[in-house]
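A look at the structure
Read off the chains here:
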Amino acid sequence: MRTGLRVLLVLLLPVWGSAAAHNGDLTVRPTCKPGFSEEDYTAFVSQNIMEGQKLLKVKFNNCAGNKGVRYETNSLDFKVRADGTMYAAHPVQMPSKQLILMVTAWDPQALGRWEAIVRFLVAEKSQHNGHKPKGRKIVPAELAQQQSDTLLPWRQHQSANGLRRQKRDWVIPPINVPENSRGPFPQQLVRIRSDKDKEIHIRYSITGVGADQPPMEVFSIDPVSGRMYVTRPMDREERASYHLRAHAVDMNGNKVENPIDLYIYVIDMNDNRPEFINQVYNGSVDEGSKPGTYVMTVTANDADDGTTANGMVRYRIVTQTPQSPSQNMFTINSETGDIVTVAAGLDREKVQQYIVIVQATDMEGNLNYGLSNTATAIITVTDVNDNPPEFTTSTYSGEVPENRVEVVVANLTVMDRDQPHSPNWNAIYRIISGDPSGHFTIRTDPVTNEGMVTVVKAVDYEMNRAFMLTVMVSNQAPLASGIQMSFQSTAGVTISVTDVNEAPYFPTNHKLIRLEEGVPTGTVLTTFSAVDPDRFMQQAVRYSKLSDPANWLNINATNGQITTAAVLDRESDYIKNNVYEATFLAADNGIPPASGTGTLQIYLIDINDNAPELLPKEAQICEKPNLNVINITAADADIDPNVGPFVFELPSVPSAVRKNWTITRLNGDYAQLSLRIMYLEAGVYDVPIIVTDSGNPPLYNTCVIKVKVCPCDENGDCTTIGAVAAAGLGTGAIIAILICIIILLTMVLLFVVWMKRREKERHTKQLLIDPEDDVRDNILKYDEEGGGEEDQDYDLSQLQQPETMDHVLNKTPGVRRVDERPIGAEPQYPIRPVIPHPGDIGDFINEGLRAADNDPTAPPYDSLLVFDYEGSGSTAGSVSSLNSSSSGDQDYDYLNDWGPRFKKLADMYGGGEED
């Protein structure tokens with residue numbers, strides 16, 4: 001027999017409000033401890049379960065005779081009777097081969113809760129004798145079937161001797177851990193032990209999520225004793241179950257037993273309040289709705305296990321504001337959260353909105369043990385058309401001038417108690433009677449809801465002096481069921497028409513008359529008279545021309561008789577499609593005056609008054625016959641029948657025309673002109689041709705066509721020289737023209753070359769004097785000293801006087817700058833010859849020096865200088881201590897010989913004794 005593995009389990013049984021850990025063997029129990037007889041019940045069931053079918057019976061003892069004990073499950077498909085019998089609440093189809101449920105026993109006296117696990121295993125169709133595993137509660141034998149799920153603690157194999165049970169290595173039931181346990185931690189869950197630990201030293205370990213995978217170290221195991229612990233409080237909402245694997249190895253790490261699966265379920269506690277999806281819900285319901293009308297749905301979610309009472313939410317209405325007409329106008333489905341009406345009397349005109357406070361409580365709505373939360377439901381009473389519109393008065397009146405449209409005659413006011421600016425409030429007006437011709441319509445003002453009686457078709461005072469209308473008002477939306485129209489929804493409207501001065505009008509407008517063109521001046525064409533519609537006013541009508549483009553017509557001012565002022569010509573540019581149009585004005589003498597216009601159309605019948613014209617006016621032909629011809633036709637300003645067919649003929653005078661030319665008729669409109677003789681000298685010939693139309697009487701015209709006769713090539717086209725010769729120029733004339741063109745181009749070229757050379761010479765030749773080059777009394781800076789005076793080529797012309805001083809003489813007198821030239825008469829400086837002689841340079845310089853000494857306008861100029869006072873005392877030393885670097889006394893008397901310009905300098909150095 002195979003050595004089995006003993007497994008010692010230490011389970012922590014949850015107790016309401018506390019959890020105690022018990023270490024040691026499971027057989028050690030108090031004398032009477034409340035709880036289920038088994039921690040894990042297993043039953044075999046079929047795939048389809050009928051309603052009311054008994055499945056399993058659980059046993060519970062509260063040590064007080066089980067009085068008042070209640071059972072519940074975490075599934076709505078199954079329920080437990082008071083004796084512990086578990087049955088199907090309705091037909092159930094098992095979703096998988098195994099279904100795990102939680103059965104809870106609740107003792108209201110002891111305020112305790114105990115839980116046990118129930119497993120339903122789906123049996124196969126072939127039935128076998130069942131076997132009751134040790135330590136578990138199973139169903140009777142008739143329901144036991146072979147189990148194919150690997151979670152069974154044994155296996156059944158078919159052999160020759162029948163069924164044989166083979167035990168698995170490890171049999172570990174699921175471990176239940178209550179969430180939010182207060183410890184102390186670590187808290188022992190179970191002890192795992194192999195029966196081989198007596199022979200060898202074994203080390204235990206666990207792997208999986210919660211052990212060596214995130215979240216890490218939630219569970220731990222003593223490697224020597226095999227006791228497994230939970231290290232911290234659990235939260236089912238964070239993770240509801242854990243799947244671990246337990247391992248047993250020897251000291252060398254060799255596997256002693258096969259790994260076994262450990263399933264740890266976190267038992268839910270009621271630690272989460274229901275949370276509404278929205279804190280404020282908005283709904284609506286029509287006024288006048290019947291009881292039971294759906295309004296809205298509120299929803300609250302509970303994070304606790306929804307299969308237990310901890311997550312089962314129930315709803316109720318706490319308050320309703322306002323409590324009119326009843327304090328319970330609405331009710332709520334406790335399970336679905338649907339809010340419906342429960343009483344009649346919703347009236348939007350009285351209460352437009354209700355505020356309902358809804359409470360959601362878990363524990364199936366138990367207010368003593370459950371957790372609650374609230375939300376606000378705003379219920380708007382929507383309007384229905386239960387109030388017909390009513391006129392504020394029974395009669396209305398208005399006035400309108402005749403011949404006016406889009407004029408508001410009267411405003412109709414109504415009252416409607418429904419919601420403003422809604423289809424139930426918007427008014428629609430209709431005219432029931434009194435306007436058979438459709439002169440009026442009623443439009444609704446979208447803001448005030450008033451009806452505006454508007455004229456859409458002009459009224460005539462002479463036809464109707466007043467209107468009596470009957471109008472009715474209704475809404476865009478139909479009235480609600482059972483609501484009748486009010487007698488105040490109809491009213492009468494009286495409209496008076498006022499007379500105004502109307503303009504005269506022409507009864508026939510446009511008036512068309514037909515006559516031949518060319519009628520003589522003063523001919524009476526027609527009488528174009530107007531009618532005054534004002535029958536009740538005695539008024540006179542006067543006529544005048546408004547538009548007469550050609551000024552062909554006159555109109556009598558009193559009776560409208562129209563006569564011709566000129567001859568009417570159909571071929572005039574003022575005629576369009578044989579019709580001439582003129583516009584006339586008819587005005588009365590009313591107050592204010594009124595006028596109307598009329599158009600007279602004159603259709604002019606054509607007469608043969610235009611002779612035909614020959615086309616083309618110019619042509620070209622070869623000097624030899626039978627090579628080409630000239631196609632000719634005619635144009636006539638008249639119209640049919642005063643046009644073609646045309647007759648083309650040559651005149652008898654001069655005789656050379658018929659001798660040289662001939663005409664061949666092609667059809668009624670075209671003919672051909674060709675040479676009659678065998679050769680005609682090249683040139684331009686004027687050929688007269690007589691063209692006659694087909695009018696009655698016919699008209700003819702003698703036209704001249706210019707024909708160029710020229711030599712032609714083999715294709716019958718005129719050559720270039722021949723075309724020129726035909727134009728009247730010989731070969732000599734052409735050559736002369738070409739020579740003239742060449743000579744003209746040569747002269748233009750020579751002129752351009754001469755101008756460029758002259759421009760170049762002008763730039764290379766320097767001017768004798770340039771105002772900018774006047775260097776007298778100026779300091780000149782040179783970049784190099786050169787090789788001495790004997791090497792310099794001086795240009796004495798630079799010392800001459802500038803040509804003009806107009807810009808100085810024209811300056812207004814006043815304070816001038818020190819370096820500004822004073823205004824005054826200037827002495828005449830000596831004029832140097834154009835070609836100076838070296839012998840007279842000294843004389844020229846002496847004469848210039850004497851003139852400069854006597855010239856007060858020459859720079860530097862004497863003037864009073866004003867300087868800013870800078871204060872006394874200077875950090876600089878006196879310049880009087882400076883001595884001349886020259887040794888000995890120097891005679892400065894020669895300064896007196898330099899003239900008056902240097903007199904001041906001579907006095908300072910040479911004339912001290914005299915001063």
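Data block above holds the structure.
Residues numbered from 1 in each chain as written. Predicted model: local features only at pLDDT ≥ 70, side-chain atom pairs only at ≥ 80, totals over all residues. Heavy atoms only, no water.

**Focus on the sheet that holds strand S9 (residues 78-80)**
With antiparallel pairing, the three strands of this open sheet are ordered in space as S6-S10-S9. Strands with a single pairing partner mark the edges of an open sheet, and in this sheet they are strand S6 (54-57) and S9. Across the sheet, the axes of successive neighbouring strands diverge by a mean angle of 25°, strand direction being ignored. (Pairing = 2+ DSSP bridges. Helix = DSSP H or I, 4+ residues; strand = E, 2+ residues; numbered from the N terminus. Axes fitted to C-alpha atoms, helices over the stretch in contact; angles between N-to-C directions.)

**Here we look at the environment of Tyr242**
With respect to the helices, strands and loops of the structure, Tyr242 is situated in strand S21 (residues 241-250). Looking at Tyr242, the relative accessible area reads 6%, which means it is buried. Sequence separation of Tyr242 and Ala211 is 31 residues, and the distance between their C-alpha atoms is 9.6 Å. (Buried < 20%, exposed > 50% of the residue type's maximum accessible area, 1.4 Å probe, protein only.)

**Notes on a nonpolar patch on the surface**
A cluster of nonpolar residues, Leu744, Val748, Phe751, Val752, Trp754 and Met755, forms a patch on the protein surface that exposes about 590 Å² of accessible area. With respect to the helices, strands and loops of the structure, Phe751 is situated in helix H3 (residues 731-764). (Patch = residues over 30% accessible without salt bridge, like charges linked within 9 Å, V, L, I, M, F, W, Y side chains within 5 Å. Areas by Shrake-Rupley, 256 points an atom, 1.4 Å probe, with all protein chains shown as cover. Salt bridge = Lys/Arg side-chain N within 4 Å of Asp/Glu carboxyl O.)

**Overview of the pairing of strand S50 (residues 630-635)**
Within a regular beta strand, the side chains point alternately toward one face of the sheet and then the other, so they alternate between its two faces. Bridge count for strand S48 (residues 613-615) against S50 is three bridges, and the pairing is antiparallel. Across the sheet, residue Leu614 finds its bridge partner in S50, namely Ala634. Both S50 and strand S53 (residues 670-675) contribute to a ladder of four bridges, which runs antiparallel. Directly across from Thr633, in S53, lies its bridge partner Tyr670.

**Focus: the environment of Glu402**
Here Glu402 shows up in the loop between strand S33 (395-401) and strand S34 (408-412). Once the C-alpha coordinates of Glu402 and Val500 are considered, the two residues, 98 residues apart in sequence, prove to be 6.5 Å apart. With residues up to four places along the chain from it excluded, the contact list for Glu402 reads Val459, Asp460, Tyr461, Glu462, Val497, Thr498, Asp499, Val500, Glu502 and Asp534. (Contact = heavy atoms within 4.5 Å.)

**Remarks on the pattern of salt bridges**
A side chain of one charge can pair with a side chain of the opposite charge when the charged atoms of the two come close. For the structure shown, the criterion picks out 16 salt bridges. Arg193 is the partner of Asp197 in a salt bridge, and the nearest nitrogen-oxygen pair spans 2.8 Å. Residue class for Arg193 comes out buried when judged on its relative accessible area of 14%. Two residues, Asp548 and Lys545, come together in a salt bridge whose shortest N-O distance is 3.1 Å.

**Here's the deal with unusual backbone geometry**
Here the bond from Ser324 into Pro325 is cis, since omega is -5°, no more than 30 degrees from zero. Within the secondary structure, Pro325 sits in the loop between strand S27 (314-321) and strand S28 (330-332). A cis amide bond links Val653 with the next residue in sequence, Pro654, at an omega value of -5°. Tracing the backbone through its elements, the reader meets Pro654 in the loop between strand S51 (647-649) and helix H1 (655-660). Positive phi, close to 55°, is recorded for Asn551, a residue that is not glycine. Even without glycine at this site, Asn577 takes up a positive phi of about 55°. Tracing the chain through its elements places Asn577 in the loop between strand S45 (561-564) and strand S46 (579-588). With relative accessibility at 71%, the residue Asn577 sits in the exposed group.

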